[in-house]
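Reading the structure
The chain contents come next:
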Number of protein chains: 4
Amino acid sequence: MTTPLRITVWGEYRHENKNPKVAALYPQGMHETIAGFLRAQPEVSVRTATLDEPEHGLTETVLAETDVLVWWGHMAHGEVRDEVVERAKKRVLEGMGLIMLHSGHYAKLFKALLGTTCSLKWREANDKERLWNIRPDHPITQGIGEYFEIPSEEMYGEPFGIPTPDELIFISWFTGGEVFRSGCTWVRGNGRIFYFRPGHETYPTYHQPEVQRVITNAVRWAKPTVCIPDVCPNSPPIEALPEDPERQFRSTVGHK
Amino acid sequence: MTTPLRITVWGEYRHENKNPKVAALYPQGMHETIAGFLRAQPEVSVRTATLDEPEHGLTETVLAETDVLVWWGHMAHGEVRDEVVERAKKRVLEGMGLIMLHSGHYAKLFKALLGTTCSLKWREANDKERLWNIRPDHPITQGIGEYFEIPSEEMYGEPFGIPTPDELIFISWFTGGEVFRSGCTWVRGNGRIFYFRPGHETYPTYHQPEVQRVITNAVRWAKPTVCIPDVCPNSPPIEALPEDPERQFRSTVGHK
Amino acid sequence: MTTPLRITVWGEYRHENKNPKVAALYPQGMHETIAGFLRAQPEVSVRTATLDEPEHGLTETVLAETDVLVWWGHMAHGEVRDEVVERAKKRVLEGMGLIMLHSGHYAKLFKALLGTTCSLKWREANDKERLWNIRPDHPITQGIGEYFEIPSEEMYGEPFGIPTPDELIFISWFTGGEVFRSGCTWVRGNGRIFYFRPGHETYPTYHQPEVQRVITNAVRWAKPTVCIPDVCPNSPPIEALPEDPERQFRSTVGHK
Amino acid sequence: MTTPLRITVWGEYRHENKNPKVAALYPQGMHETIAGFLRAQPEVSVRTATLDEPEHGLTETVLAETDVLVWWGHMAHGEVRDEVVERAKKRVLEGMGLIMLHSGHYAKLFKALLGTTCSLKWREANDKERLWNIRPDHPITQGIGEYFEIPSEEMYGEPFGIPTPDELIFISWFTGGEVFRSGCTWVRGNGRIFYFRPGHETYPTYHQPEVQRVITNAVRWAKPTVCIPDVCPNSPPIEALPEDPERQFRSTVGHK
């Protein structure tokens with residue numbers, strides 16, 4: 001028996017309470033829809049957390065018990081407290097996986113990990129998106145064919161202000177004439193990050209089987225191998241150094 | 001006649017005032033030594049800035065007039081004000097070049113741009129460093145042979161907590177038995193970043209011709225091609241979209 | 001006065017002699033059109049070479065005097081002799097730049113340098129191509145805006161069987177619903193390679209200003225910094241090795 | 001019950017028959033030592049193949065039944081027949097994993113997949129090698145600490161004529177003063193490639209537990225996800241194209 005993969009799905013959970021269209025699509029919130037199809041997988045343990053819980057539901061304990069964090073946020077990025085962002089970032093660098101969805105491109109956590117603007121073109125219009133599978137060999141695209149389509153989506157277009165991805169997984173085509181790097185991976189510290197573009201709140205995107213398949217594959221892919229806390233050690237020589245009367249090793253750790 | 005390359009050399013300028021050994025090596029400060037050999041180049045305009053100047057010498061005006069920023073800091077990283085860090089980061093993402101030296105691996109600016117711990121092993125001991133030139137084709141290594149040695153240096157060792165460099169330029173060998181990725185480039189936004197390891201304050205590293213050559217090459221390499229302010233525009237379709245009575249384009253810019 | 005950049009434009013020059021439509025667009029051959037707009041640049045020296053010349057016009061001397069090779073081929077890839085391919089590949093690895101155009105994705109030279117299938121989807125149909133500029137900071141895209149359109153082109157679609165590019169410069173959108181990585185760079189050995197998708201022989205693509213601008217920028221970008229012949233040297237130790245009675249340095253060079 | 005991972009260990013098997021020192025270390029051949037420790041793993045099926053077998057033991061059938069190919073060769077690279085190289089390369093691009101060991105850097109198969117010289121510095125001298133683990137998060141380094149040492153090895157030094165690795169896993173330090181990128185990964189087509197430096201035939205390297213652990217991890221990491229034959233299809237449009245009386249779709253496949 002293997003240990004289950006511990007997933008935390010974080011949802012902003014605001015649009016659902018303000019916009020009846022969103023509430024109709026996601027009656028328990030987008031996070032519960034996402035958690036729901038993940039829970040249907042074998043050997044996972046899935047919980048959720050939302051913005052308006054204490055510490056946004058991301059206490060030290062919750063994060064310590066999370067292997068992969070899935071994140072959806074949009075209208076309230078600014079309300080996410082900096083210490084919670086710092087805490088989650090620290091966990092990613094130690095090894096926790098991160099799946100960042102759609103408008104999460106502007107989440108503080110994503111921007112802090114990537115260091116760039118993460119800006120893009122956008123258009124809230126009923127557009128068709130076709131995601132081309134650029135990496136048929138990749139664990140994240142297994143079960144997805146050459147491409148799949150989402151009939152109604154918001155448009156995101158290039159240029160996308162990200163560091164060059166380690167792996168470019170999907171490129172989107174939009175009816176309106178744009179393209180977008182819709183699936184991107186990065187390793188940061190010991191953690192694996194996957195950004196996946198689709199998921200505007202007014203469309204039923206997270207009910208679509210291909211989208212669910214990609215996210216399901218991605219949490220498996222992002223599973224940590226290690227958890228290594230940050231250190232910056234004063235390190236004695238392994239090989240003999242030449243004589244130096246002035247040399248002195250200092251016993252302090254992490255003076256920097 | 002071409003426009004000169006506008007370089008700002010930023011120095012923390014604290015060790016020089018506290019440690020007579022450092023003052024003896026760099027009587028006007030490390031930044032002035034670095035600015036000095038850069039000024040000897042044709043078609044450059046070089047100024048300096050230091051921590052204890054107002055706004056650390058990095059006002060909006062100074063940064064707007066800077067093509068490439070060279071940075072050395074160590075003991076007072078924490079005193080660099082966050083708004084100045086944010087201002088310099090914004091300029092790099094717009095297109096300004098950045099040469100980050102030695103203990104600048106822990107500068108707030110470097111960590112904010114790369115998003116990782118930037119931690120490493122270290123040992124303040126008189127060690128010999130041999131930098132192997134991994135990219136003899138690169139503009140930064142022109143005039144440098146297969147390797148060069150620095151007779152006395154602090155050791156920095158792997159693992160180094162950085163994102164995979166776009167280009168790995170130098171790998172260091174240390175007598176004590178360690179290795180280090182000593183020359184690394186990244187593009188972030190429209191700006192080019194070069195990290196160059198050597199330069200402990202108690203050794204005459206910045207007086208060494210090979211080190212001067214690398215830094216001189218690097219500022220040329222990091223010259224901006226563009227200056228593009230951050231935008232996240234609402235963008236009308238280029239191609240006709242299918243009919244949708246609910247669709248409405250919003251005129252607001254940058255709502256995100 | 002600087003040394004001019006020595007460019008050789010290689011054209012297969014077969015379609016032009018068989019298909020009146022192509023001949024009408026490119027009366028002196030596609031290579032002469034490309035050489036023509038490059039010749040209009042300052043400080044360049046441009047020659048051409050074609051398949052049916054002796055040694056395909058790519059003698060040792062011609063290649064030794066070439067800084068950047070521009071290549072267009074399609075229907076006769078198989079007629080390019082292996083020793084000429086090997087000769088050109090050797091020069092790229094030594095430092096020569098290579099601009100590979102359109103159907104050159106299947107040139108022996110390109111496949112030998114990249115090592116992969118270089119296969120793709122295609123459709124010879126009058127399609128509109130819109131090339132999105134993913135790297136507005138890059139020397140190759142200067143003077144090109146956010147995107148440009150080619151009114152009539154063959155379609156090339158993903159997946160494209162290439163190694164992950166060092167830099168992804170353009171992504172194309174096609175009316176028919178496909179996307180493609182249309183501008184890609186790689187460093188191989190000491191040489192810089194740029195693949196640029198547009199240029200089907202039955203359309204006036206190489207007469208379009210944006211296409212000419214990209215190719216003009218690319219030859220500048222691909223300019224060699226060095227020319228380093230291949231060696232695999234037996235190398236004596238720099239630091240003293242521990243005593244070993246069995247050790248013997250061999251004087252042979254390149255035994256491998 | 002899962003399907004076992006099908007591994008083929010290919011050995012040149014010449015040194016063992018000519019050099020008594022090598023024969024003493026590897027009485028059944030280096031390939032049998034490597035196959036031996038791999039066979040000790042659960043859920044694997046391991047066979048061997050050698051140069052002097054018909055078709056070098058790598059028939060179409062053997063390769064079709066191989067998930068991961070492990071390769072050691074040195075003195076007889078030139079005797080490996082081109083059609084077998086082409087056959088194995090095709091399988092890697094379809095999805096087969098490849099672990100290339102030590103002097104295999106000059107194997108035809110490796111050079112054909114990477115496209116570069118793969119040259120390096122070398123010295124057959126009893127040197128100590130210390131391999132630093134640059135990627136403690138990577139599946140290939142699990143169970144390996146910060147570094148491990150090999151007491152006696154041939155030296156390989158930079159510059160190493162390879163394309164920039166997708167992932168740099170190990171950097172070696174040598175007593176003689178050199179460094180080397182000793183563990184590197186690339187994806188080529190649908191296949192995963194790992195180059196691992198250690199393994200000179202006159203030393204007991206493949207008997208060392210850390211080396212065995214790395215190779216064991218690597219074959220797991222290189223396990224194929226897919227097997228996709230090469231195609232270059234003529235592809236009909238997905239979206240309607242504008243009217244064009246001259247347009248005609250051709251039914252031929254793979255005309256290129």
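So, a few notes on the structure that sits alongside this text. (Residues numbered from 1 in each chain as written. Chains lettered and ligands numbered in written order. Predicted model: local features only at pLDDT ≥ 70, side-chain atom pairs only at ≥ 80, totals over all residues.)

This part is about the overall build of chain A. Within chain A, the regular secondary structure consists of 7 helices and 9 strands. Per-residue burial over chain A gives 57% buried out of 256 residues. A separation of at least 24 residues holds for 70% of the contacts in chain A among residues at least 6 apart in sequence. (Helix = DSSP H or I, 4+ residues; strand = E, 2+ residues; numbered from the N terminus. Buried ≥ 20, exposed ≤ 12 C-beta atoms within 10 Å, placed from the backbone. Contact = placed C-beta atoms within 7 Å.)

Here we come to the relation of the copies chain A and chain B. Rotating chain A by 180 degrees and translating it 0.0 Å along the rotation axis places it on chain B, where the RMSD comes to 0.0 Å. Such a turn and shift between the copies fits a two-fold axis. Scanning chain A for the C-alpha nearest the rotation axis identifies A:G115, at a separation of 2.6 Å. Both copies share a contact surface, since 100% of the interface residues of chain A are interface residues in chain B too. (Least-squares fit on C-alpha atoms with pLDDT ≥ 70 in both.)

In this section: the pairing of strand β8 (residues 179-188) of chain C. Residues and elements named next belong to chain C. The element β8 is extensively covered by neighbouring structure, given that 9 of its 10 residues are classed as buried. Sheet topology note: the strand β7 (residues 167-174)/β8 ladder contains 6 bridges and is antiparallel. Across the sheet, the residue bridging to W173 is V179, located in β8. As consecutive antiparallel partners, β7 and β8 are separated by 4 residues, and within that stretch G177 has a phi angle of approximately 110 degrees, a positive value. Pairing between β8 and strand β9 (residues 191-196): 6 bridges, direction antiparallel. (Pairing = 2+ DSSP bridges.)

Our focus in this paragraph is the interface of chain A and chain B. On the chain B side, the residues contacting the 45 residues of chain A number 45 residues. When contributions to the side of chain A that touches chain B are tallied by element, the ones reaching two or more residues are α6 (108-114) and β5 (121-133) of chain A. Among the elements that take part in the side of chain A that touches chain B, β5(A) stands out by supplying 7 residues, more than any other. Taken together, the residues that form the side of chain A that touches chain B break down as 18 nonpolar, 14 polar and 13 charged. (Nonpolar A, V, L, I, M, F, W, Y, C, P; charged D, E, K, R; others polar.)

Mapping chain B onto chain C calls for a rotation angle of 180 degrees and an axial translation of 0.0 Å; the resulting RMSD is 0.0 Å. Here 100% of the contact residues of chain B are again contact residues in chain C; the copies associate through an equivalent surface.

With that settled, consider the sheet that holds strand β6 (residues 147-157) of chain D. Residues and elements named next belong to chain D. In space, the 9 strands of this open sheet follow the order β2-β1-β3-β4-β9-β8-β7-β5-β6, with mixed pairing throughout. Only two strands of the sheet have a single partner each, and these edge strands are β2 (44-50) and β6. Strand-to-strand twist across the sheet, computed as the mean angle between neighbouring axes with direction ignored, equals 25 degrees. Sitting on the sheet, helix α5 (residues 82-94) is in contact with β3 (68-72), β4 (97-101), β8 (179-188) and β9 (191-196), with an inclination near 115 degrees to β9. (Axes fitted to C-alpha atoms, helices over the stretch in contact; angles between N-to-C directions.)

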